[in-house]
Amino acid sequence: MWQGPKRQGLKWWGLTWTSQLSWCVFLGILLAAVFAHLLTPYDPNEQALLERLLTPSLAHPLGTDHLGRDLLARLLYGGRFSLLLSAIATLFTAVIGLVVALISVRFGGWVDEALMRLVDLFLSFPSFALSLIIAALLEPSFWTLVLAVCVTGWTPYARLARVAALETQTKVFVEAARALGGTRNRILLKHLFPSMLSPVLATVFLRFGHTLLSVAGLSFLGLGAQPPTADWGAMLAEARPYMQRSATIMLVPGLAIFITTMSVTLIGRGLTKSSRS
């Protein structure tokens, strides 16, 4: 039986239906974080001690925390902080990895060997442990978290982009460009650099979830956002002593982290399959 049109109908921007659904979920989370001020009338840091640990109601759809703060407001504004930080850190790591790969491919020889050994050195350390050390040595802040994540996060991009460029170097059109007198810089920018972008873009989404988990973990340990700033990891830490009295205050940020991480990971997997097809 011919399945051509039906099979194509499952594609959208080259993605499977799973990736399509993940895109919708992730975009919904982003929009909710961006327009948090329109979705809730409450200040995420406003305390109401007489309304501590309330169950979900019309006034407070997700209830309140141990200080009487609206959980929905803290979830939305905390998502704004967590997602922004993760996005900036992921972007920086991708750019650093691309630059390292470009330098490695451009000069080759001992430069390439030295950079790849540097990548191996960073990969030999547990990434979260190294981020934890850096965050503990510096004063907790937004940019401290970005730095802690970027120190180890660039290595997968550098290795992947380098492999993509080396594979493209063997293609016939690159050999033809070289035979026609194309300079190394021209070939690098016109032919090799575009070949790096597709796998790196897919990896950005795959690593975004990892970055979000790292940020949440550091915040949970008290090395990220400082009170009263709303942050998903910090919300988990604050909810731990009260989870038996009100499980909602821990489930809400935990589910937010899980759903966001799952959606971007599925998006990355879909983009990886599309780039290979």
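As a starting point, this report considers the structure included with it.

Reading the values: rules and limits
- Residues numbered from 1 in each chain as written.
- Predicted model: local features only at pLDDT ≥ 70, side-chain atom pairs only at ≥ 80, totals over all residues.
- Heavy atoms only, no water.
- Helix = DSSP H or I, 4+ residues; strand = E, 2+ residues; numbered from the N terminus.
- Buried < 20%, exposed > 50% of the residue type's maximum accessible area, 1.4 Å probe, protein only.
- Contact = heavy atoms within 4.5 Å.
- Patch = residues over 30% accessible without salt bridge, like charges linked within 9 Å, V, L, I, M, F, W, Y side chains within 5 Å.
- Areas by Shrake-Rupley, 256 points an atom, 1.4 Å probe, with all protein chains shown as cover.
- Salt bridge = Lys/Arg side-chain N within 4 Å of Asp/Glu carboxyl O.
- Phe/Tyr/Trp six-rings, centres within 6.5 Å; stacked < 30°, edge-to-face > 60°.
- Lys NZ or Arg CZ within 6 Å of the ring centre and 35° of its normal.
- Expected span 1.5 Å × (residues − 1).

Its place among the elements puts Met 250 in helix α12 (residues 248-276). According to the relative accessible area criterion, Met 250 is buried, its value standing at 18%. Spatially, the C-alpha atom of Met 250 lies 5.6 Å from that of Leu 236, the residues being 14 residues apart in sequence. Met 250 has contacts with Leu 236, Ala 239, Arg 240 and Met 243, leaving out every residue within four places of it along the chain.

Take a nonpolar patch on the surface next. On the surface, Trp 17, Leu 21, Val 25, Leu 251, Leu 255, Phe 258, Ile 259 and Met 262 cluster together to form a nonpolar patch covering roughly 790 Å² of accessible area. Where the nonpolar patch is concerned, the elements lending two or more residues are α2 (17-34) and α12. As for its placement among the helices and strands, Leu 251 is situated in helix α12.

What follows is about the packing of aromatic side chains. Aromatic ring pairs are described here by two measures, namely the spacing of the ring centres and the angle between the planes. Counting across every chain of the model gives five aromatic pairs. Considering the side-chain rings of Trp 23 and Phe 205, the 5.3 Å spacing of their centres and the 70 degrees angle between planes classify their relative orientation as edge-to-face. Taken together, the residues Trp 23 in helix α2 and Phe 205 in helix α10 (residues 184-220) connect sequence positions 182 residues apart. The buried category is assigned to Trp 23, whose relative accessible area is 15%. You can call Phe 205 buried: its relative accessible area is 15%. Between Phe 142 and Trp 143, the ring centres sit 5.2 Å apart and the planes meet at 75 degrees, which makes this aromatic pair edge-to-face. Here a set of aromatic residues connected by ring pairs shows up, and it is made of Phe 81, Phe 142 and Trp 143. Over the ring of Phe 107 we find Arg 106, and its NZ or CZ is 5.1 Å from the ring centre.

Each full turn of the α-helix corresponds to 3.6 residues, which orients residues three or four apart in the same direction. Helix length check: helix α8 (residues 155-169) (15 residues) gives 21 Å between terminal C-alpha atoms against 21 Å at 1.5 Å per residue, within 8%. Every buried residue of α8 is accounted for by Thr 155, Tyr 157, Ala 158, Ala 161, Arg 162, Ala 164, Ala 165 and Thr 168. Residues of α8 that are buried in the fold lie against α4 (71-107), α5 (109-123), α7 (142-153), α9 (172-179) and α10.

Generally, phi is negative for residues other than glycine and the peptide bonds are trans, each holding for most cases. Of note, the amide linkage connecting Pro 227 to Pro 228 takes the cis form, showing an omega dihedral of 5 degrees. Positioned with a positive phi, Leu 53 is a non-glycine residue whose angle comes to about 55 degrees. Its place among the elements puts Leu 53 in the loop between α3 (36-39) and α4. Classification of Leu 53 as buried rests on a relative accessible area of 14%.

Keep in mind these values describe shape, not function.
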